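# Architecture and fold: a report
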Amino acid sequence: MTSLTFYGGVGEVGGNKVLIEDAETRLFLDFGISFHRMGDFYEEFLQPRTNNALRDQLRLGIVPRVDGIYRSDLLKVEGIDEVLKEHGMGDSSLWETNVKSYDEIIRERDGKPFVDAVLLSHTHEDHFKHISLLDEKIPIFCTEITKATIEVAEDLGRGGFEYEFTAAKGKSLKRTGKTAFFPGAFDLTSGEPRPRQFNTLAGPISIGNILVEAIPVDHSVPGGASFLLSLSDGQRVLYTGDLRFHGRRNDYTEGFWKKVRNLRPNILITEGTRIDDDAPDSELNVEEGCRKLVSSSAGLVMVGFAWKDTTRYQTLKTVAEQTGRTLVISPKLAYLLNKLKDFPESGITDVLSEKSVRVYLERKESMLYSKQDYVSNKYAIGFSTKWSRGDASTIRTEHYDRGVRAYEIRQNPTQYIVHMDFFDFNELIDLEPPSGSVFIGARSEPFNEEMKLDEARLKRWLERFHINAPHHEPIYIHASGHASGPELIQMIKDIHPQVVLPIHTEKPQIFGEKLAGTGIEVRIPELGREIKL
Ligand SMILES: [Zn+2]
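Now for a look at the structure at hand. (Residues numbered from 1 in each chain as written. Predicted model: local features only at pLDDT ≥ 70, side-chain atom pairs only at ≥ 80, totals over all residues. Heavy atoms only, no water.)

## Quick look at helix α9 (residues 283-296)
For α9, spanning 14 residues, the distance from its first C-alpha to its last is 20 Å, which sits close to the expected 20 Å at 1.5 Å a residue. Burial in α9 covers these residues: Glu283, Val286, Glu287, Gly289, Cys290, Leu293 and Val294. Buried residues along α9 sit against β14 (301-304), α10 (310-323), β17 (416-419), β18 (438-441) and β19 (475-476). Capping the start of α9 is the job of one residue whose side-chain oxygen sits 3.1 Å from the backbone nitrogen of Leu284: Ser282. (Helix = DSSP H or I, 4+ residues; strand = E, 2+ residues; numbered from the N terminus. Expected span 1.5 Å × (residues − 1). Buried < 20%, exposed > 50% of the residue type's maximum accessible area, 1.4 Å probe, protein only. Contact = heavy atoms within 4.5 Å. Polar contact = N/O pair within 3.5 Å; in protein donor to acceptor, adjacent residues only side chain to side chain.)

Next up, the structure:
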């Protein structure tokens, strides 16, 4: 028996968690965080409780109640019953979820796991972030570039179990030591990291009954892939992940078309982010638009874009080369580029040998540009985040030694394009951009209330520093990571599946309207309801 169950990505953009079953083989396609459902309950100052986060999110329906996938230490830490007894709390109902952990299911099923693997299409948080909740013994499959980018996301993350992507530091109960305020009291501590098993996908590979093939696609993070799954009964399922046809990776786009045109699979699970958007996009238009603004600016140019968007980096690097300026990038982006340069497939070259690229050194803590200021944000000073005391060789300081500081840019603003976004705007005080300076938002325009509030603040900064004169309005130049509506419909017609299941969209019904009369059946998935194949 084969089936699909959608635990996320239904009627919303992101949060993809799709379970595919083929008899005793089960795979998850992506396991991302649903920002939509998080936002239904939480905001900046109301968040799940640190040591109760999985239980809180299960209770609120933010993550699915599926037995046999979650970390046991996040569901119910070992030894809790004895501790509760000692504290005189007779029942453990505060810790109950009625969801069985991976380990419990392993015991019940004589060592056979419920889920065989998780396939990750790419490194956007709405596709991968919740793997931190999963038991580390569940194997992860993805491209080698996706794996590398996940490692970077962990290195640069805020820490805590939410960023335990490559290894889980199992929580356990311990008694505090003699020097504690309350010696011998119970406390929850994180243990040694237990590595998650990552497998990189090159050629087709069998996972249980299912033959999996990754097809590289162009998206706004490096390493993205679609998955073609061949089931034991001969049925084929194509899962697009997120994709576009207008980026810089024409080789991926062409390879994708070669593979899927006239594929005629039984099922196509497609993303539909921009199904209601007819406007064509192009990364080359972004390049041209930015080049015009940079050429005509008599001051400093600042550009905001996501640090994982290496395509946009390449676009801005090209613009810098063409206009004779130096592109000053954020240390997060530099860290990612430094990792990806080891993979020829990424097309990324060594950032330190680029003539027109340097890394920004932020002033923080003591505000004296002291090396000591960077110990809690190690990536800000160089390409290492794991420093050991007494071993200077583990500390890298490339950006401290060769990076650009605000006062250098201030002396010569027309020489630079600075990669910075709204959340970096304190830097404007140090940069003091001269008249004629420009800020370009090379990212999507605000689409929700919170982003609109931020935009109102952004405008005040632009006004205060006389940027984007005379009106001080933000200038947006962007090409989306997603294919447009007409492109998606053409893609579906060309692939010609029997059934298409649109996800990662707020408007799945448009698919039915646009595909009427094509002989392709559109089925709109429902959250948590199994679809038999
Ligand atoms: Zn994405």
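## A word on the pairing of strand β15 (residues 326-329)
The side chains of a regular strand alternate between the sheet's two faces. Burial along β15 is two-sided: the residues Thr326 and Val328 and Leu327 and Ile329 are all buried. In terms of strand pairing, β15 meets strand β16 (residues 357-359) through three bridges, oriented parallel. Note that in β16 the partner of Ile329 across the bridge is Val359. (Pairing = 2+ DSSP bridges.)

## Some points on the pattern of salt bridges
Tallied over the entire structure, the rule returns 41 salt bridges. Glu12 is the salt-bridge partner of Arg37, the closest N and O atoms lying 3.8 Å from each other. A residue pair is termed long-range when its members are at least 10 positions apart, and Arg37 in helix α1 (residues 35-41) and Glu12 in the loop between β1 (2-6) and β2 (18-22) qualify at 25 residues. Taken individually, Arg37 and Glu12 each receive the classification buried, so the pair is uniform in this respect. Close ionic contact of Glu287 with Arg291 constitutes a salt bridge, the shortest N to O distance being 3.4 Å. Taken as a pair, Glu287 and Arg291 lie in helix α9 at a separation of four residues, close to a single helical turn. On the basis of relative accessibility, which here comes to 9%, the residue Glu287 falls in the buried class. What you see here is one network of salt bridges that share partners, running through Glu21, Glu24, Arg26 and Arg109. (Salt bridge = Lys/Arg side-chain N within 4 Å of Asp/Glu carboxyl O.)

## Concerning the pairing of strand β3 (residues 25-29)
Burial runs high along β3: five of the five residues are buried. One ladder, built from five bridges, connects β2 with β3; its direction is antiparallel. From the neighbouring strand, Glu21 faces β3, where its bridge partner is Arg26. When β3 meets strand β4 (residues 117-119), the two strands line up parallel, connected through three bridges. Paired with Leu29 across the two strands is Leu119, which belongs to β4.

## Comments concerning the environment of Glu192
Relative to the assigned elements, Glu192 resides in strand β7 (residues 186-195). By relative accessible area, Glu192 is classed as exposed at 67%.

## Observations regarding the sheet that holds β1
The seven strands are arranged β8-β5-β4-β3-β2-β1-β22 in an open sheet whose pairing can be described as mixed. The open sheet terminates on both sides in strands that have one partner only, identified here as β8 (198-200) and β22 (530-532). Averaged over all adjacent pairs, the angle separating strand axes in this sheet is 25 degrees, with direction ignored. Sheet analysis places β1 next to β2, joined by five bridges and oriented antiparallel. Paired with Thr5 across the two strands is Leu19, which belongs to β2. Contacting β5 (140-142) and β8, helix α7 (residues 144-156) runs over the sheet at an angle of about 145 degrees to β8. (Axes fitted to C-alpha atoms, helices over the stretch in contact; angles between N-to-C directions.)

## Concerning the nonpolar core
Buried together is how nonpolar side chains tend to be arranged in soluble globular proteins. Ile69, Tyr70 and Ile131 are the most contacted members of the largest nonpolar core, which totals 38 residues. Those elements that provide at least two residues to this core are α2 (53-59), α3 (72-75), α5 (102-108), β5 and α7. For Ile131, the residues in contact, after removing those within four places along its chain, are Phe31, Leu120, Ile140, Phe165, Arg196 and Phe198. (Core = buried A, V, L, I, M, F, W, Y, C linked by side-chain atoms within 4.5 Å.)

## Concerning α10
Taking 1.5 Å per residue, 14 residues should reach 20 Å; α10 reaches 20 Å between its end C-alpha atoms and fits that length. Burial analysis of α10 places 10 of its 14 residues in the buried class, the great majority of the element. Here α10 has its buried residues at Thr310, Thr311, Arg312, Tyr313, Thr315, Leu316, Lys317, Thr318, Val319 and Ala320. Of the surrounding secondary structure, the elements contacted by the buried residues of α10 are α9, β14, β15, α11 (331-340), β16 and β17.

## Notes on the sheet that holds strand β21 (residues 521-522)
Strand order in the open sheet formed by seven strands is β9-β10-β11-β12-β13-β20-β21, and the pairing between neighbours is mixed. Each of the sheet's edge strands pairs with one partner strand only, and the pair in question is β9 (205-207) and β21. The sheet strands contacting helix α8 (residues 250-260) are β10 (210-216), β11 (225-230) and β12 (236-239), and the helix crosses β10 at an angle near 145 degrees. Where helix α16 (residues 485-495) meets the sheet, it contacts β12, β13 (267-271) and β20 (499-503), and its direction lies at approximately 165 degrees from that of β13.

## Comments concerning the coordination of the zinc ion
Bound to the zinc ion on the protein side are His122 (NE2), His124 (ND1), His219 (NE2) and Asp242 (OD), at distances that span 2.2 to 2.3 Å. Angles of 88 to 170 degrees at the metal separate the four donor atoms of the zinc ion, which places the site in the irregular class. Sequence spacing of the donor residues for the zinc ion, all on one chain, is H-x1-H-x94-H-x22-D. With a gap of 23 residues between them, His219 in the loop between β10 and β11 and Asp242 in the loop between β12 and α8 connect regions that are remote in the sequence. In terms of burial, His219 and Asp242 fall into one category: buried. (Donors = N, O, S within 2.8 Å, 3.2 Å for Na, K, Ca; no water. Tetrahedral: all angles 85-135°; square planar, octahedral: opposite > 155°, others 65-115°.)

## A word on the side chain of Asp30
Among the secondary structure elements, Asp30 is positioned in the loop between β3 and α1. An unpaired buried charge is present at Asp30: no salt bridge exists, and Lys17, the closest side chain of opposite charge, is 11 Å distant. The residues touching Asp30, leaving out its near neighbours within four places in the chain, are Asn16, Lys17, Val18, Val118, Leu119, Leu120, Ser121, His122, His127 and Tyr239. (Lys, Arg positive; Asp, Glu negative; His and termini not counted.)

## Topic: the side chain of Thr270
Among the structural elements, Thr270 can be located in strand β13. Relative accessible area serves as the criterion here: at 0%, Thr270 is assigned to the buried category.

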